[in-house]
4 protein chains.
Amino acid sequence: MFMLMVAVIQCTDRVGLVAAIANVMAINGMNILSMREHVELGSSMFFSRLELSGEAAADIITTQLQQVLPTDAIVQVNPLPQKRIAVLVTKEYHCLGDILLRHHFNTLGASVQCVIGNHALLGDICGRFGIPFHHVPHDGIGKEQFEQNLLTTLLAYQFDYIVLAKFMRILSPAFTAHFPLRIINIHHSFLPAFIGASPYKQAFDRGVKLIGATAHYVTSDLDEGPIIAQQIIPVNHNFTAKDMVHAGREIETAVLARALSLLLADRVFVHNNKTIVFE
Amino acid sequence: MFMLMVAVIQCTDRVGLVAAIANVMAINGMNILSMREHVELGSSMFFSRLELSGEAAADIITTQLQQVLPTDAIVQVNPLPQKRIAVLVTKEYHCLGDILLRHHFNTLGASVQCVIGNHALLGDICGRFGIPFHHVPHDGIGKEQFEQNLLTTLLAYQFDYIVLAKFMRILSPAFTAHFPLRIINIHHSFLPAFIGASPYKQAFDRGVKLIGATAHYVTSDLDEGPIIAQQIIPVNHNFTAKDMVHAGREIETAVLARALSLLLADRVFVHNNKTIVFE
Amino acid sequence: MFMLMVAVIQCTDRVGLVAAIANVMAINGMNILSMREHVELGSSMFFSRLELSGEAAADIITTQLQQVLPTDAIVQVNPLPQKRIAVLVTKEYHCLGDILLRHHFNTLGASVQCVIGNHALLGDICGRFGIPFHHVPHDGIGKEQFEQNLLTTLLAYQFDYIVLAKFMRILSPAFTAHFPLRIINIHHSFLPAFIGASPYKQAFDRGVKLIGATAHYVTSDLDEGPIIAQQIIPVNHNFTAKDMVHAGREIETAVLARALSLLLADRVFVHNNKTIVFE
Amino acid sequence: MFMLMVAVIQCTDRVGLVAAIANVMAINGMNILSMREHVELGSSMFFSRLELSGEAAADIITTQLQQVLPTDAIVQVNPLPQKRIAVLVTKEYHCLGDILLRHHFNTLGASVQCVIGNHALLGDICGRFGIPFHHVPHDGIGKEQFEQNLLTTLLAYQFDYIVLAKFMRILSPAFTAHFPLRIINIHHSFLPAFIGASPYKQAFDRGVKLIGATAHYVTSDLDEGPIIAQQIIPVNHNFTAKDMVHAGREIETAVLARALSLLLADRVFVHNNKTIVFE
């Protein structure tokens, strides 16, 4: 059956890689509609994403690619077209609402398995969209116990990524270690400016003329994970710190949506704490 | 000798093209540092740009590529690193000034062979940078004669492209036919809005909130050639039509500079009156 | 009681207007926190928006302002803080969904009275947010009858503005005449480029590098009403016409949200088919 | 004689200020074409900029304004239409070149009195535009001596502002104290991200997706002075640190030009280490 496929490949670079990959496609009668390729010169790593049309089976192509590529090659052909995500929230609705809307109308590119909030507030909106919501409170218990509860709740579901959609608790390295490169956060500043708490207050005090938002992978280092997408909007002297928060919400929503659309279409590679993004 | 090369290829698409190209590179020990590839689905045309490192000779690679590619293939390997341009101007200095500055400090990516003005005004600035300037007036003579004079002046030089840097005369199809896909214009609007004369006056009258500029190839259809780059800037009710002209100059300068940097690095293909731009 | 107020004023310009207005505020002990003023030079019209703090009554200030201003003055002090809107839709969810979310979480600055669709599709999402939805179909009846049905449905509600949130029927001048400067539309192009039908198809065919969206007042001239807000996003040769539609949705949502936030905060004046926007 | 004037006013806020100012204008038959006013709520400071038309004398209006305003009022009516600037540079040409071009074609809004470089490299381009250039080297002498030489050279000229157009030496607080709020710098990052040296290297290492530039007043705290303007451009994984430097040059040139156009039109106020900018 004729179909469209996506192949993503990551391995040590050497002469002849593109030829090897393209030969596999040609032998199997797959036409390369679009090919993106990047070599990270410092580390000699090769990254590629192909959009293909043809009738070959994904597992045959995967096997043949692995045979011709370096042994460290990570190959995914036709990855799960519909990824699954779990969403963590606190009280702010804007990113979650956007995700729920897109999910409801089948434009998210992922299935929302569940939403977990450390506050109960956003349970109502999840209910309106028929999405399971779990309230996992953090008050009155230690961080370790809170994260254990979070983990237990999460692991009742299957998911590819955890999306922190304005989740305002800092996750410990012990927790994030369970999900390497599988947690995505939206940070409310143009990182690395205004790392840490209250970035809009910091931005207001500094008198900046632009504020930004950053979607990034969560690693053990707070706010230091690989950046997927960033955008900014202009502000001026009329903006109070509260106005900046409001303006920031618009850009947070947009940047997280953009990052998810790239991630869920297998357009993002991570290497040396940076991303290669084939837009 | 180890060197960096650029290869650009355009031909009818078929299965196995990327493999064929990559095989040629592998056989010659050329490493593909970056590869951009695009298939225009409607017309089954294939476009590719490769950045390579290695020691092979450009003509050998060109010949080998032509042997394995479809007969309609247009192949350029290691195209002239320093293109040559001729610049046509009228009275406005901003685009010409930017080009002269970049040329003077070797950041243009091209050699400015000459500047021709239908007014004499900009001769002084060319003189300050040691660039030949020719005044080819249009007053008192017919368009045909004017264009004949222009042609004669131009053809005393060798150049790859003619850049219309705010040249305010409309060139006839007879003239443009001499230089197919070799004339670049900066148009002072976000095409196709405000085609024709006085776009800023039109924009002011319409009360738009953004104004733009468009760099495009010149074809026989006025303002209808393939678009290379476009940008906009915000305007508001405080802007008079004259203020819009001033604001527009900033964006015209930036867009033309951007288009030239893409063009001169062999990143622009033209097909069906549109461009494929590998940024 | 101490409170914040907004005053908006529009009248023929003459020397001393700002003094007259500011004197009224001073006499009543109102402090001017922010004042925006604009004189349209061509027509000598004066526009002003003031943010005030103090304890005076709005009707007293309104009366005193009218006494000192030209007879054609339109004065609104402390306008309805919560405007009411009716929303018209067809099948696309993105603008409506954004409006419903903001409304649900009290960040829209308006109360959504009802949603009317010429298709039934979006009734479900309205139901999830508890907003009345009316299906007013257009098939099998004439335009006049359709608009009569629309009018009857609308007039059962009280509202300040009608928002066309991707309503894909062209309203007749007879209909729009009922609501002068009270209908807001989101148009899926950077007006005046691509007026009329299928702007994304037009944009794709032209090979533009940016696509835009325009929020404007609806007048009897299709796509020719005063523009409130415009934004663009970059596109490239990889975008199919369908991809452009998808990309356009993001910007349509953002531009309509921006225009509504300005409109609902009394920051938009209309004069000579243009807007003055005090951002 | 009928003329256009600009008045800028800064003082402690109190009820009735706008009335008092506007009365002065009305009494003198001056029409207020445009008025911008802002009250900094935290500190109760009042800022205003008026564009006026009429025939009154500037000194009479200034005197009358000072009589009706608080004693701390700073009033400037019809400030020097052509400001004078001195420019400091090192080796990079792009900001200086842009300033020289605009100056040469009378669009800078200021007169360039002189250029001083700690390297001799940019003397040539100044010579081509007939602008005095002084080479004040820093090698082999202490910072104190270097700054003394700089000061001596500068003080041979009269100027309103010193523009650091990619001047790559850090000025001591002792030096900057001579010119409070009179030194403007272009910083090659989106402050406060990447304070200090090699911001593009820092940006490359962090893998950001946007790079920026910041024009700001120079105070005794390095990179901490009031911000006038900021802009960003997108970058991606294809950019080497060197590519980021090149891309950054475009935005540095644009941001400094923008900041100067605001500053030289008396649109910038400074208060509490932030700017109020009436664009």
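What counts, and where the lines are drawn
- Residues numbered from 1 in each chain as written.
- Chains lettered and ligands numbered in written order.
- Predicted model: local features only at pLDDT ≥ 70, side-chain atom pairs only at ≥ 80, totals over all residues.
- Heavy atoms only, no water.
- Salt bridge = Lys/Arg side-chain N within 4 Å of Asp/Glu carboxyl O.
- Helix = DSSP H or I, 4+ residues; strand = E, 2+ residues; numbered from the N terminus.
- Buried < 20%, exposed > 50% of the residue type's maximum accessible area, 1.4 Å probe, protein only.
- Contact = heavy atoms within 4.5 Å.
- Buried area = accessible area lost by both parts, 1.4 Å probe.
- Nonpolar A, V, L, I, M, F, W, Y, C, P; charged D, E, K, R; others polar.
- Pairing = 2+ DSSP bridges.
- Axes fitted to C-alpha atoms, helices over the stretch in contact; angles between N-to-C directions.
- Parallel < 35°, antiparallel > 145°, perpendicular 65-115°, else oblique.
- Left-handed = near helix turned anticlockwise from the far one by under 90°.
- Domains from an automatic or database assignment.
- Least-squares fit on C-alpha atoms with pLDDT ≥ 70 in both.
- Phe/Tyr/Trp six-rings, centres within 6.5 Å; stacked < 30°, edge-to-face > 60°.
- Disulfide = S-S within 2.5 Å.
- UniProt positions renumbered as here; feature names shortened; annotations may be inferred.
- Polar contact = N/O pair within 3.5 Å; in protein donor to acceptor, adjacent residues only side chain to side chain.

Comments concerning the pattern of salt bridges
The full count for this structure, using the stated rule, is 52 salt bridges over all chains. Its salt-bridge partner being lysine 166 of chain B, residue glutamate 92 of chain B comes within 3.7 Å of it at the nearest N-O pair. Taken as a pair, glutamate 92 of chain B in the loop between β5 (83-89) and α3 (94-104) and lysine 166 of chain B in the loop between β8 (161-164) and α6 (173-176) lie far apart in primary sequence, 74 residues in all. With a relative accessible area of 2%, lysine 166 of chain B lands in the buried category. Because the salt bridges share partners, they merge into one network encompassing Glu92, Lys166, Arg249 and Glu252 of chain A.

Focus: the interface of chain A and chain B
A common measure of how large an interface is: the accessible area buried when the components associate. Of the residues lining the interface, 21 residues belong to chain A; the matching set on chain B comes to 21 residues. Counting each side, the surface lost to burial between chain A and chain B is near 1600 Å², with a carbon and sulfur contribution of 57%. For the pair chain A and chain B, the number of links is zero salt bridges. Taken together, the elements giving at least two residues each to the side of chain A that touches chain B come down to α1 (17-27) and β2 (31-40) of chain A. Here the side of chain A that touches chain B takes nine residues from β2 of chain A, the largest share from any one element. The residue makeup of the side of chain A that touches chain B, split by class, is 11 nonpolar, six polar and four charged. Looking at chain direction, β2 of chain A and strand β2 (residues 31-40) of chain B are connected through five bridges and run antiparallel. What sits directly across from histidine 38 of chain A, in β2 of chain B, is serine 34 of chain B.

Let's talk about the packing of helix α1 (residues 17-27) of chain C against helix α1 (residues 17-27) of chain D
In contact at an axis separation of 7 Å, α1 of chain C and α1 of chain D are set at 150 degrees when each is read in the N-to-C sense. In terms of orientation, α1 of chain C and α1 of chain D fall into the roughly antiparallel class. Taken as a pair, α1 of chain C and α1 of chain D cross one another with a handedness that is left-handed. Note on element contacts: α1 of chain D touches α1 of chain C through Val18, Ala19, Ala22 and Asn23 of chain D, opposite Val18, Ala19, Ala22 and Asn23 of chain C. A class-by-class count of the residues in the contact of α1 of chain C with α1 of chain D yields six nonpolar, two polar and no charged.

Things to note about the domain arrangement of chain A
Residues and elements named next belong to chain A. Domain boundaries in chain A define domain 1 (3-77) and domain 2 (83-277). With 11 residues of domain 1 at the interface, the matching set in domain 2 holds eight residues. For the pair domain 1 and domain 2, the summed buried area comes to about 820 Å², and 60% of that belongs to carbon and sulfur atoms. Summed over the shared surface of domain 1 and domain 2, the number is one salt bridge. In this structure, glutamate 51 engages arginine 267 in a salt bridge whose closest nitrogen and oxygen atoms are separated by 3.2 Å. Only β1 (3-12), β2 and β3 (45-54) provide two or more residues apiece to the side of domain 1 that touches domain 2. Of the residues assigned to the side of domain 1 that touches domain 2, the class counts are four nonpolar, four polar and three charged.

Let's talk about the interface of chain D and chain A
Facing 30 residues of chain D, the contacting portion of chain A comprises 30 residues. Both faces combined, the contact of chain D with chain A buries some 2600 Å², and carbon together with sulfur accounts for 58% of it. On the chain D side of the contact with chain A, Arg206, Lys209 and His237 of chain D bury the most area, a combined 28% of that side's loss. Summed over the shared surface of chain D and chain A, the number is two salt bridges. A salt bridge links arginine 206 of chain D to glutamate 224 of chain A; the shortest N-O distance between them is 3.5 Å.

Topic: the relation of the copies chain A and chain B
In summary, the two copies of the chain are related to each other by a rotation about an axis coupled with a shift along it. Least-squares fitting of chain A to chain B yields an RMSD of 0.0 Å, with the superposition described by an axial translation of 0.0 Å and a rotation of 180 degrees. Between the two chains, the operation in question is that of a two-fold axis. Measuring from the rotation axis to each C-alpha of chain A, the shortest distance belongs to alanine 19 of chain A, at 2.3 Å. Counting the interface residues of chain A, we find that 100% of their copies in chain B are interface residues as well, pointing to one common contact surface.

Considering the sheet that holds strand β5 (residues 83-89) of chain D
All names here are of chain D. Overall, mixed pairing links the seven strands, which are arranged β7-β6-β5-β8-β9-β10-β11 in an open sheet. In this open sheet, the two edge strands, each paired with only one partner strand, are β7 (133-135) and β11 (227-234). The sheet shows a mean angle of 20 degrees between the axes of neighbouring strands, direction not considered. Pairing geometry for β5 and strand β6 (residues 110-117), over seven bridges, is parallel. Note that in β6 the partner of isoleucine 85 across the bridge is valine 112. Against the sheet, helix α8 (residues 241-264) makes contact with β5, β6, β8 (161-164), β9 (183-187), β10 (210-217) and β11, and its axis sits at roughly 150 degrees relative to β11, the strand it touches most.

Describing the relation of the copies chain D and chain A
Relative to chain A, chain D is turned by 180 degrees and slid 0.0 Å along the rotation axis, the superposed coordinates differing by an RMSD of 0.0 Å. By residue overlap, the copies meet face to face through one surface: 100% of the interface positions of chain D are interface positions in chain A.

As for the packing of aromatic side chains
Residue and element names in this part refer to chain A. The full count for this structure, using the stated rule, is 26 aromatic pairs over all chains. Taking 5.5 Å as the distance between ring centres and 70 degrees as the angle between the ring planes, the aromatic pair formed by phenylalanine 47 and phenylalanine 269 counts as edge-to-face. Placement of phenylalanine 47 in strand β3 and of phenylalanine 269 in strand β12 (residues 268-271) is noted, with a sequence separation of 222 residues between them. Looking at phenylalanine 269, the relative accessible area reads 6%, which means it is buried.

Examining the state of the cysteines
Residues and elements named next belong to chain B. Here the structure, examined in full by the defined rule, presents zero disulfides over all chains. With no disulfide of its own, cysteine 126 has cysteine 114 as its nearest cysteine by sulfur position, at a separation of 9.3 Å. When its relative accessible area of 0% is taken as the criterion, cysteine 126 is described as buried.

Side note on the environment of alanine 174 of chain B
Residues and elements named next belong to chain B. Here alanine 174 is to be found in helix α6. For alanine 174, a relative accessible area of 55% translates into the label exposed. In the structure, alanine 174 is positioned 30 residues away from glutamate 144 in sequence and 9.1 Å away in space, judged by C-alpha atoms.

Looking at the environment of valine 89 of chain B
Residues and elements named next belong to chain B. Counting through the fold element by element, valine 89 comes out in strand β5. It is 5.4 Å that separates the C-alpha atoms of valine 89 and alanine 165, two residues lying 76 residues apart in sequence. Apart from the residues within four sequence positions on either side, valine 89 is in contact with Leu96, Val115, Ile116, Gly117, Asn118, Leu122, Phe133, Ala165, Lys166 and Phe167.

With respect to the UniProt feature "active site" (unreviewed entry) in chain A
The UniProt record annotates "active site" (unreviewed entry) at Asp223 of chain A. With respect to the secondary-structure elements, aspartate 223 of chain A resides in the loop between β10 (210-217) and β11 (227-234). Overall, aspartate 223 of chain A belongs to the buried group, its relative accessible area being 6%. Beyond its immediate chain neighbours, meaning those up to four positions away, aspartate 223 of chain A contacts His187, Leu191, Ile195, Gly196 and His216 of chain A together with Arg206 of chain D. Side-chain polar atoms of aspartate 223 of chain A contact the side chain of histidine 187 of chain A, separated by 3.4 Å.

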